[in-house]
Amino acid sequence: SFNTFGVEYTSLTNAGFLCAMTVVFTPLLDYLFFRTRPSRKLFVVLIMSVTGIALLTLSSALLPALGDILGIYQQLFAGLGMLILSLIFETPTLPRSPAVWGSVLVLALFCTGAAFLIQAVALQYTTASHVGVIFCLEPVFNSILAFFVAHEVLTPQAYFGGLLLLASLLVMETDLSLLFRRRQK
């Protein structure tokens with residue numbers, strides 16, 4: 001997939017933060033398919049998110065790395081396109097050793113199965129647009145792991161971009177009107 005090749009030409013942190021593009025694509029697709037207009041608050045959060053992603057991924061010359069472009073492309077065309085290409089170009093094979101089968105079983109049950117089950121239960125209590133913003137946390141945790149495991153250090157610009165993404169999440173999930181009403185009393 002493009003994301004796999006993209007990781008070779010960008011940092012682990014950038015690859016993780018590019019997964020946050022769901023924040024932008026989810027409300028856009030929601031509008032295109034269901035004509036759900038984003039609220040002013042969501043529109044501001046989308047601008048914050050795109051700016052944060054740009055600060056994380058663009059160089060000081062405001063140019064993305066090849067891996068960043070491939071990662072964004074992956075987010076745009078992943079689903080159906082990758083399925084079709086894998087059916088055309090790949091020959092599926094099953095693992096041949098018990099160790100690999102054990103790994104597959106643990107990953108399938110705990111990392112995938114349990115995570116999707118918990119996520120499906122939790123998602124019924126919020127909107128699709130909010131979920132996209134909540135998914136901003138995935139790349140934040142990715143960058144923390146990249147720092148501790150791969151000793152990856154970001155530029156100040158990239159740290160600011162990460163903080164902006166976190167701020168967008170907090171803005172989206174905070175009832176600002178309730179805060180303003182409390183101040184007026």
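Residues numbered from 1 in each chain as written. Predicted model: local features only at pLDDT ≥ 70, side-chain atom pairs only at ≥ 80, totals over all residues. Heavy atoms only, no water.

Caption draft 1: Molecular detail of the side chain of Glu152. Relative to the helices and strands, Glu152 is located in the loop between α9 (137–150) and α10 (156–173). Within the buried core, Glu152 has no salt-bridge partner, and the shortest N-O distance to an opposite charge, that of Lys41, equals 30 Å. When sequence neighbours within four positions are dropped, the list of residues in contact with Glu152 reads Ser11, Leu12, Thr13, Ala146 and Phe147. (Helix = DSSP H or I, 4+ residues; strand = E, 2+ residues; numbered from the N terminus. Buried < 20%, exposed > 50% of the residue type's maximum accessible area, 1.4 Å probe, protein only. Lys, Arg positive; Asp, Glu negative; His and termini not counted. Salt bridge = Lys/Arg side-chain N within 4 Å of Asp/Glu carboxyl O. Contact = heavy atoms within 4.5 Å.)

Caption draft 2: Structural context of the environment of Ala150. Along the polypeptide, Ala150 turns up in helix α9. Judged by relative accessible area, Ala150 falls into the partly exposed class, the value being 38%. With 138 residues separating them in the primary sequence, Ala150 and Leu12 have C-alpha atoms 8.5 Å apart. Ala150 has contacts with Leu12 and Leu145, leaving out every residue within four places of it along the chain.

Caption draft 3: Representation of unusual backbone geometry within the structure. Positioned with a positive phi, His151 is a non-glycine residue whose angle comes to about 55 degrees. In this structure His151 comes out as exposed when scored by relative accessible area, which is 62%.

Caption draft 4: Structural view of the environment of Leu170. In this structure, Leu170 sits in helix α10. Taking C-alpha positions, Leu170 is 9.3 Å from Val45, a pair spaced 125 residues apart along the chain.

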